[in-house]
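In case you want the letters, here they are:
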Amino acid sequence: MNTLPGRRTRILAATTVTAGLMLVTACTSSDDGGSGSRTAAGGVELVKAGQLTTCTHLPYPPFQSEIDGKVQGFDVSLVDLVAGDLGVKQEILDTPFENFKTGAFLNSGECDLAAAGMTITEERKKNVDFSDPYFDATQAVLVDKSAGVNSLADVKSKNVKLGAQAQTTGEDYAKKQGFDPVSFESSDAVLNGLRTGQVKAVIIDYPVVQGWLKDKATAAAFTVVDNLNTGEQYGFTVKKGNSKLLAAVNKAIADAKADGTYKKLYEQWIGPYDASVASPSAS
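Residues numbered from 1 in each chain as written. Predicted model: local features only at pLDDT ≥ 70, side-chain atom pairs only at ≥ 80, totals over all residues. Heavy atoms only, no water.

K.L.:
Quick question: what am I supposed to make of the overall build of the protein chain here?
P.N.:
Counting its secondary structure elements, the protein chain contains 11 helices and 14 strands. By residue count, 50% of the 283 residues in the protein chain fall in the buried class. Across the protein chain, the fraction of contacts at a sequence separation of at least 24, relative to all contacts at a separation of at least 6, is 70%. Summed over its atoms, the accessible surface of the protein chain is roughly 12,300 Å², and 49% of this surface lies on carbon and sulfur atoms. (Helix = DSSP H or I, 4+ residues; strand = E, 2+ residues; numbered from the N terminus. Buried < 20%, exposed > 50% of the residue type's maximum accessible area, 1.4 Å probe, protein only. Contact = heavy atoms within 4.5 Å. Areas by Shrake-Rupley, 256 points an atom, 1.4 Å probe, with all protein chains shown as cover.)

K.L.:
So what exactly am I meant to see when it comes to the environment of Thr223 here?
P.N.:
Considering the arrangement of structural elements, one finds Thr223 in strand S13 (residues 222-234). Judged by relative accessible area, which is 29%, Thr223 ranks as partly exposed. The sequence separation of Thr223 and Lys145 amounts to 78 residues, and the corresponding C-alpha distance is 6.3 Å. Residue contacts for Thr223: discarding those within four places in its chain leaves Val141, Leu142, Val143 and Lys145.

K.L.:
When you look at the nonpolar core in this model, what are you seeing that I'm missing?
P.N.:
Leu52, Phe74, Leu86 and Phe135 are the most contacted members of the largest nonpolar core, which totals 46 residues. Those elements that provide at least two residues to this core are helix H1 (74-86), strand S9 (135-144), helix H7 (187-195), strand S12 (201-205), helix H8 (206-212), S13, helix H10 (243-259) and helix H11 (261-269). Top contributing element to this core by residue count: H10, with 7 residues. (Core = buried A, V, L, I, M, F, W, Y, C linked by side-chain atoms within 4.5 Å.)

K.L.:
Any chance you could explain the pattern of salt bridges here in plain terms?
P.N.:
When the charged atoms of two side chains with opposite charge come close together, those side chains can pair. Counting across every chain of the model gives 7 salt bridges. Across the pair Lys125 and Glu122 runs a salt bridge whose closest N-O atoms are separated by 3.2 Å. Of this pair, Lys125 and Glu122 both sit in helix H4 (residues 122-125), 3 residues apart, which is roughly one turn of that helix. For Asp144, the salt bridge is made with Lys200, and the minimal N-O distance between the two is 3.6 Å. Here the residue Asp144 occupies a position in strand S9, and Lys200 occupies one in the loop between H7 and S12, the gap between them amounting to 56 residues. Here Lys200 falls in the partly exposed class, since its relative accessible area comes to 31%. (Salt bridge = Lys/Arg side-chain N within 4 Å of Asp/Glu carboxyl O.)

K.L.:
Where do I start with the packing of aromatic side chains in this structure?
P.N.:
Aromatic ring pairs are reported here in terms of the distance separating the ring centres and the angle at which the planes meet. Under the defined criterion, the tally for this structure stands at 14 aromatic pairs. Look at Phe74 and Tyr266: their rings are 6.1 Å apart centre to centre, the planes differ by 90°, and that puts the pair in the edge-to-face class. With Phe74 in helix H1 and Tyr266 in helix H11, this residue pair connects regions lying 192 residues apart in the sequence. Here Tyr266 falls in the buried class, since its relative accessible area comes to 7%. An aromatic cluster of at least three residues, connected via ring pairs, comprises Tyr60, Phe63, Phe74, Tyr134, Phe135, Tyr234, Phe236, Tyr262 and Tyr266. Just above the ring of Phe179 sits the side chain of Lys156; from NZ or CZ to the centre is 5.1 Å. (Phe/Tyr/Trp six-rings, centres within 6.5 Å; stacked < 30°, edge-to-face > 60°. Lys NZ or Arg CZ within 6 Å of the ring centre and 35° of its normal.)

K.L.:
Looking at this structure, how should I read the state of the cysteines?
P.N.:
All chains considered together, the criterion is met by 1 disulfide. Between the sulfur atoms of Cys55 and its disulfide mate Cys111 the distance is 2.0 Å. Handedness here is read from the sign of the S-S torsion; for Cys55 and Cys111, about 65°, the answer is right-handed. Taken as a pair, Cys55 in strand S3 (residues 51-56) and Cys111 in the loop between helix H3 (104-107) and strand S7 (113-114) lie far apart in primary sequence, 56 residues in all. Cys111 sits in the buried class, given a relative accessible area of 3%. (Disulfide = S-S within 2.5 Å.)

K.L.:
How do you make sense of the confidence of the model for the protein chain when you look at a structure like this?
P.N.:
For residues with low pLDDT, the predicted coordinates do not support detailed interpretation. When pLDDT is averaged across the protein chain, the result is 84; 84% of the residues are at 70 or more. Taken as a whole, residues 1-35 scores under 50 in pLDDT and shows 89 contacts with residues more than four places along the chain or in a different chain. Counting contacts from residues 277-283, a segment whose pLDDT is below 50, to residues more than four positions away or on other chains yields 17 contacts. (pLDDT = per-residue confidence, 0-100.)

K.L.:
Please clarify how the packing of H1 against H10 should be interpreted in this entry.
P.N.:
When two helices pack together, their arrangement is given by the angle between the helix axes and the distance between those axes. Running from N to C, H1 and H10 point in directions that differ by 115°, and their axes come no closer than 9 Å. On the basis of their axis angle, the class for H1 and H10 is roughly perpendicular. Crossing hand, H1 versus H10: right-handed. Contacts between H1 and H10 pair Leu81, Val82, Asp85 and Leu86 from the former with Leu245, Ala248, Val249, Ala252 and Ala256 from the latter. In the contact of H1 with H10, the residues fall into 8 nonpolar, no polar and 1 charged. (Axes fitted to C-alpha atoms, helices over the stretch in contact; angles between N-to-C directions. Parallel < 35°, antiparallel > 145°, perpendicular 65-115°, else oblique. Left-handed = near helix turned anticlockwise from the far one by under 90°. Nonpolar A, V, L, I, M, F, W, Y, C, P; charged D, E, K, R; others polar.)

Following this line, the structure appears as structure tokens:
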């Protein structure tokens, strides 16, 4: 993911319907979203009128991925709550992941916030402002069953080729453990690397692995041999100094945890709910 063949510019708009969250292709006729004020509820200034523009990087299930032609997932659903509080709709812009670390698309005014299952780190805080943590994440070591390894230590001692998603904390962790991992640009590319034998093991966020293993063919061929508690937490990001939007995001997260919406969405997209994620410690 260090370089991508041009920035993808698919823009998808979120609208809340009775059955759940749906996203449809949206038009962007002008910089202010057409007409009207760019000031939303609570005095939050938006890059385009009437919409909360979210940068993400696809695919990254179960947080955001395209399902039946619509971008859906845990992150999408949470940010839709923010948009609802602001009285606008959510639109999603698919962008390269490396821009999330630098805040480039926030600084250039292309997006209001970024949601990409992004771990809160001190280094990233230099470029963006993070929301309160909304998810506790661990790293999983997923291996090809034919590799004959039972732990990350086995992966190293048996010199099994290891992969990770580029520009992620999983890749950083692998390098700190002395690996030279094969880099893949997306989580789907990581899994494809396993399937095609480019690598025999990968380090990647455990919730992603949970989603993969729901597929019977994937579960038959691959297994988790290690779950690495690296103390990671996910946060949404806004441009540095955008305190009003940051407050709106934090309020939506807190309200969702208080009224049961967070639990419902967690069970819908992630799996069995662990109450400890409802009030994670400060990052």
